[in-house]
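# A closer look at the structure
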Amino acid sequence: MTDFFATIRRRHSVRHYQEDMPVEEEKLNAVLESAVAAPSAGDLQAYQIVAIRDAATRAALARITDQTFLAEAPVSLVFCTDAERSAKAFGERGRELYALQDATIAASYAQLAAVAGGLGSAWVGYFDGGEVARALDLPAGLTPVAILALGYPAELPEPTPRRRLDEVVTMR
Ligand SMILES: Cc1cc2nc3c(=O)[nH]c(=O)nc-3n(C[C@H](O)[C@H](O)[C@H](O)COP(=O)(O)O)c2cc1C
């Protein structure tokens, strides 16, 4: 087990993966359990996670997103909002904001759990949601908002710069 703050420091976007090292079932489960442990508005978890091992589907995602590492990484996790699930309780705010926040926080937890489990991940947000939905044959009402590549890293990415705290944080 890695110290929590070290886990945060060690998370970097991994864009090269060991293709011949599958993610063990129990590790994938631990990542998914961590994702659903995230907070969500009204505890509604207004999202669906599509976990993909199938190589042809990952290749399709790589093509659609133009991000080749999605084909390399042995698992893709597609986080989809289920806006109506949140809208039933929270109306427009649930539909437009909470569902997206729920899905996003769950994906963030998954990224940290991946690091704690010795895995790497990278967030892919640049894609046409309709194309991804069609490729995955998603039911109406689910909108893909983030894809995580998941696997054993084949690179050690350099830490990327961050804005200074006094620039990002306003103290009052
Ligand atoms: C909303 C969002 C969308 C992103 N989309 C992409 C993407 O389409 N492709 C990609 O390679 N990285 C993507 N990233 C990863 C960022 O580029 C990366 O997190 C950032 O450069 C900081 O680097 P780090 O993750 O190594 O700390 C995305 C991250 C977020 C949070």
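Residues numbered from 1 in each chain as written. Predicted model: local features only at pLDDT ≥ 70, side-chain atom pairs only at ≥ 80, totals over all residues. Heavy atoms only, no water.

## Quick word on the nonpolar core
Convention followed: Here the nonpolar core consists of buried residues drawn from Ala, Val, Leu, Ile, Met, Phe, Trp, Tyr and Cys, with membership extended through side-chain atoms lying within 4.5 Å. Between buried and exposed lies partly exposed: a residue is buried under 20% and exposed over 50% of the maximum accessible area for its type, with that area taken using a 1.4 Å probe on protein chains only. The way it works is that DSSP assigns letters per residue, a run of H or I at least four long becomes a helix, a run of E at least two long becomes a strand, and they are numbered from the N terminus. The criterion used for residue contact is that any of the two residues' heavy atoms lie within 4.5 Å.
Grouped together as the largest cluster of nonpolar side chains are 21 residues, with contacts concentrated most on Leu28, Val31, Leu77, Phe79, Leu119 and Leu150. Broken down by element, the residue count for this core peaks at six residues, all from helix 5 (residues 83-116). Apart from the residues lying within four places of it in its own chain, the contact partners of Leu28 are Val23, Arg53, Val75, Leu77 and Leu150. Listed in part, the 20 residues of the second largest apolar core include Ala62, Leu70, Ala73 and Leu138.

## Focus: unusual backbone geometry
With the exception of glycine, most residues fall at negative phi, and the peptide bonds are largely trans. At Asp66, a residue that is not glycine, the phi angle is positive and equals roughly 60°. In this fold, Asp66 is placed in the loop between helix 3 (55-65) and helix 4 (69-72). The phi dihedral of Asp137 falls on the positive side, at around 55°, and the residue is not glycine. Along the chain, Asp137 falls in the loop between helix 6 (129-136) and strand 4 (142-151). Judged by relative accessible area, which is 67%, Asp137 ranks as exposed.

## Points about the pairing of strand 2 (residues 75-82)
In plain terms, the rule: Paired strands, in this sense, are two strands between which DSSP finds at least two bridges.
Of all eight residues that make up strand 2, eight are buried, and the element is covered over most of its length. Here strand 2 shows two buried faces, one formed by Val75, Leu77, Phe79 and Thr81 and the other by Ser76, Val78, Cys80 and Asp82. Inspection of the sheet shows strand 1 (residues 47-52) paired to strand 2 by six bridges, in the antiparallel sense. Bridge pairing links Tyr47 to Thr81 in strand 2. The pairing of strand 2 with strand 4 spans eight bridges and is antiparallel. The partner of Val78 across the bridge, within strand 4, is Ile147.

## Examining the site of the ligand
For clarity, the cut-off: Residue proximity to a molecule or strand is established when one non-hydrogen atom of the residue lies within 4 Å of it. Any pair of N or O atoms that falls within 3.5 Å is considered a polar contact. Within protein, one atom must be able to donate a hydrogen and the other to accept it, and sequence-neighbouring residues count only if both atoms are side-chain atoms. In these tables, accessible area is a Shrake-Rupley quantity obtained with a 1.4 Å probe, and a residue counts as shielded only by the protein chains included in the view. Lys, Arg, Asp and Glu make up the charged group, whereas Ala, Val, Leu, Ile, Met, Phe, Trp, Tyr, Cys and Pro make up the nonpolar group; the residues left over, Gly among them, are polar.
With respect to spatial proximity, the complete set of residues near the ligand consists of Arg11, His12, Ser13, Arg15, Gln67, Phe69, Trp123, Val124, Gly125, Tyr126, Thr160 and Arg162. Here an oxygen atom of the ligand sits 2.7 Å away from a polar atom, N or O, in the side chain of Arg162. Within the complex, 61% of the 620 Å² of free accessible area of the ligand lies under protein. The residue inventory of the shell around the ligand, partitioned by class, reads four nonpolar, five polar and three charged.

## Concerning the side chain of Thr81
Relative to the helices and strands, Thr81 resides in strand 2. The class of Thr81 is buried, set by a relative accessible area of 8%. Sequence-distant contacts of Thr81, that is, excluding residues within four places in its chain, are made with Ala46, Tyr47, Ala99, Leu100, Ala103, Gly141, Leu142, Thr143 and Val145.

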